[in-house]
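Fold and contact review
Take a look at the letters that make up each chain.
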Amino acid sequence: VFAELVRSLVAILHVDVAFIARPSATSGTMDVLAIQLDGAPIPIARYELAGSPCAGVLDQGFRVYPDRLCERFPDEPMLRAIGIEGYAGYPLHDLGGATLGLVSISSRRPLTRLDRIESVMQVFAVRAAAEIERLRADETLRTSEESYRTIFASIEDGVVVHDWETGALVDVNPKACQTSGFRREDVLGAPLSIFCSRREPYTEAHARRYLQLAREGRCPPYEWRGRKPDRSVAWFEVRLKAVSIGGVPRILSMSRD
């Protein structure tokens, strides 16, 4: 998306350079999300904000230097190497007004029709900001998922996540596999009966009754006689709890040998 945005911006405004960047984890630097020079992407991943034409954009809003850019920023050798004459930058904001980054253009010719440049860049800034917000949401979700998996894998109780309606096994942690004797790939998506010894009162019908009590929020801890893959049996203390994982209702089973 970012690559397409800068490509289109170069074409619409007839400039030589366009890029989108956001503040990096390192203070005072910007991460380049996409940049195009003379019709092709170039490998710039990060740059120093101080002393660059972008410095005032994040704090002060739209900024434009129609000409003599190299004279205004003599400490930026790349500007002189490319022969940049004019620059314009527009900040990216989220819905709450927080600054997310910037979109900028540069040209080897002086910039004219500055009102049109500002209007076009404003449109592109809205789209770029929306994409950064989506990326940020994805990063947050990925971090949350990684944290969930780490905690899930390290719990010393056997934990099984059941489908709310059917009771089928949606997820299982390593401890549950260790105590039950089943491999993870064998139980994912398996029916509730896989952990039942099929002898009264440890049948699938009784297991479903416990799941119903959990849905109602009134399932006490209970003992369960489970069947292992080698047909041997094991005793577990089981606790069930209705939970929401990622906004999806589930039933969490925590068992201890």
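Our structure's up above, just so we're on the same page.
Just so you know, the residues in each chain are numbered from 1, in the order the chain's sequence is written. Owing to the predicted nature of the model, reporting of local features is limited to residues with pLDDT of at least 70; listing and counting of side-chain atom pairs is limited to 80 or more, with chain, interface and lining totals taken over all residues. Neither water nor hydrogens contribute to the side-chain values; these are computed over all heavy atoms in the structure.

1. Considerations on helix α5 (residues 114–154)
For helices the rule is a DSSP run of H or I covering at least 4 residues; for strands it is a run of E covering at least 2, with both sets numbered from the N terminus onward. Expected span of a helix, by definition, is 1.5 Å for each gap between consecutive residues, and there is one gap fewer than residues. Its 41 residues place the ends of α5 58 Å apart at the C-alpha level, agreeing with the 60 Å of an ideal helix rising 1.5 Å per residue. Listing the buried residues of α5 in full gives Ile117, Val120, Met121, Phe124, Ala125, Ala128, Ala129, Glu131, Ile132 and Phe152. For every residue, the accessible area obtained with a 1.4 Å probe (protein chains only) is divided by the maximum for its type, and the residue is called buried under 20%, exposed over 50%, and partly exposed between those limits.

2. Some thoughts on the pairing of strand β10 (residues 222–227)
In terms of residue burial, β10 counts as a mostly covered element, since five of its six residues are buried. Being paired, for any two strands, means DSSP has found at least two bridges between them. With six bridges joining them, β10 and strand β11 (residues 233–245) adopt antiparallel strand pairing. Counted as the bridge partner of arginine 227 is valine 233 from β11. Counting the residues between successive antiparallel strands, the hairpin from β10 to β11 contains five residues, one of them, arginine 231, with a positive phi of roughly 75 degrees.

3. Describing helix α8 (residues 204–215)
For α8, which comprises 12 residues, the first-to-last C-alpha distance of 17 Å matches the rise-based estimate of 16 Å (1.5 Å per residue) to within 8%. Listed as buried for α8 are Ala207, Leu211, Leu213 and Ala214. One side of α8 carries all its buried residues, which in axial view fall inside an arc of 160 degrees. By definition, residues are in contact when any of their heavy atoms lie within 4.5 Å. Residues of α8 that are buried in the fold lie against β8 (158–163), β10, β11 and β12 (248–256). Looking one or two residues beyond α8, the residue adopting positive phi is glycine 217, at roughly 75 degrees. By arc we mean the arc of the directions from the helix axis to the C-beta atoms, nothing more.

4. Concerning the nonpolar core
The criterion is simple. A nonpolar core is a set of buried Ala, Val, Leu, Ile, Met, Phe, Trp, Tyr and Cys residues joined through side-chain atoms within 4.5 Å. One finds Leu9, Leu13, Ile20, Leu92, Val103, Ile105 and Met121 to be the most contacted residues of the largest nonpolar core, which totals 25 residues. The dominant element in this core, judged by the number of residues it contributes, is α5, at eight residues. Not counting residues within four places of it along the chain, the set of residues in contact with leucine 9 comprises His14, Val15, Ala18, Val103, Ile105, Val120 and Phe124. In terms of nonpolar packing, the next biggest core, distinct from the first, is built from 21 residues, Ala21, Cys54, Ile84 and Tyr87 among them.

5. Brief notes about the packing of helix α1 (residues 2–13) against α5
Working note: a packed helix pair is described by the angle between its axes plus the distance between those axes. Remark: α1 packs on α5, axes separated minimally by 11 Å, with the N-to-C direction vectors making an angle of 175 degrees. Between α1 and α5, the interaxial angle falls into the category roughly antiparallel. Taking contact as the criterion, the partners of Phe2, Leu5, Ser8, Leu9, Ile12 and Leu13 in α1 are, on α5, Arg116, Ile117, Val120, Met121, Phe124, Arg127, Ala128, Glu131, Ile132 and Leu135. When its residues are assigned to classes, the contact of α1 with α5 shows 12 nonpolar, one polar and three charged. Angles here are taken between N-to-C directions and fall from 0 to 180 degrees, while the axes themselves are lines fitted to C-alpha atoms, restricted in helices to the stretch in contact. Every angle not falling under 35 degrees, over 145, or within 65 to 115 is termed oblique; those three ranges are roughly parallel, roughly antiparallel and roughly perpendicular. Under the scheme applied here, ten amino acids are nonpolar (Ala, Val, Leu, Ile, Met, Phe, Trp, Tyr, Cys and Pro), four are charged (Asp, Glu, Lys and Arg), and all others, including Gly, are polar.

6. Observations regarding the packing of aromatic side chains
Here a Phe, Tyr or Trp ring, Trp counted by its six-membered ring, pairs with any other such ring whose centre lies within 6.5 Å, and the pair is stacked when the planes are under 30 degrees apart, edge-to-face when over 60, and tilted otherwise. Evaluation of the coordinates by the stated rule reveals 11 aromatic pairs. Plain terms: the ring middles of tyrosine 148 and phenylalanine 152 are 5.4 Å apart, the flat faces sit at 20 degrees to each other, and that makes the pair stacked. Of this pair, tyrosine 148 and phenylalanine 152 both sit in helix α5, four residues apart, which is roughly one turn of that helix. Relative accessible area serves as the criterion here: at 24%, tyrosine 148 is assigned to the partly exposed category. When the ring of tyrosine 202 is compared with that of tryptophan 224, the centres are 5.5 Å apart and the planes differ by 90 degrees; the resulting orientation is edge-to-face. Linking tyrosine 202 in the loop between α7 (184–187) and α8 with tryptophan 224 in strand β10, this pair joins segments that are 22 residues apart in sequence. Overall, the relative accessible area of 16% leaves tyrosine 202 in the buried class. Here a set of aromatic residues connected by ring pairs shows up, and it is made of Tyr202, Tyr210, Tyr222, Trp224 and Trp235.

7. Observations concerning the pairing of strand β1 (residues 17–23)
Most of β1 is tucked away: six of the seven residues are buried. Pairing geometry for β1 and strand β2 (residues 29–37), over seven bridges, is antiparallel. Within β2, the position partnered with phenylalanine 19 by the bridge is isoleucine 35. Where β1 meets strand β7 (residues 99–107), five bridges bridge the pair, whose relative direction is antiparallel. Each bridged residue has a counterpart across the sheet, and for phenylalanine 19 the counterpart in β7 is serine 104.

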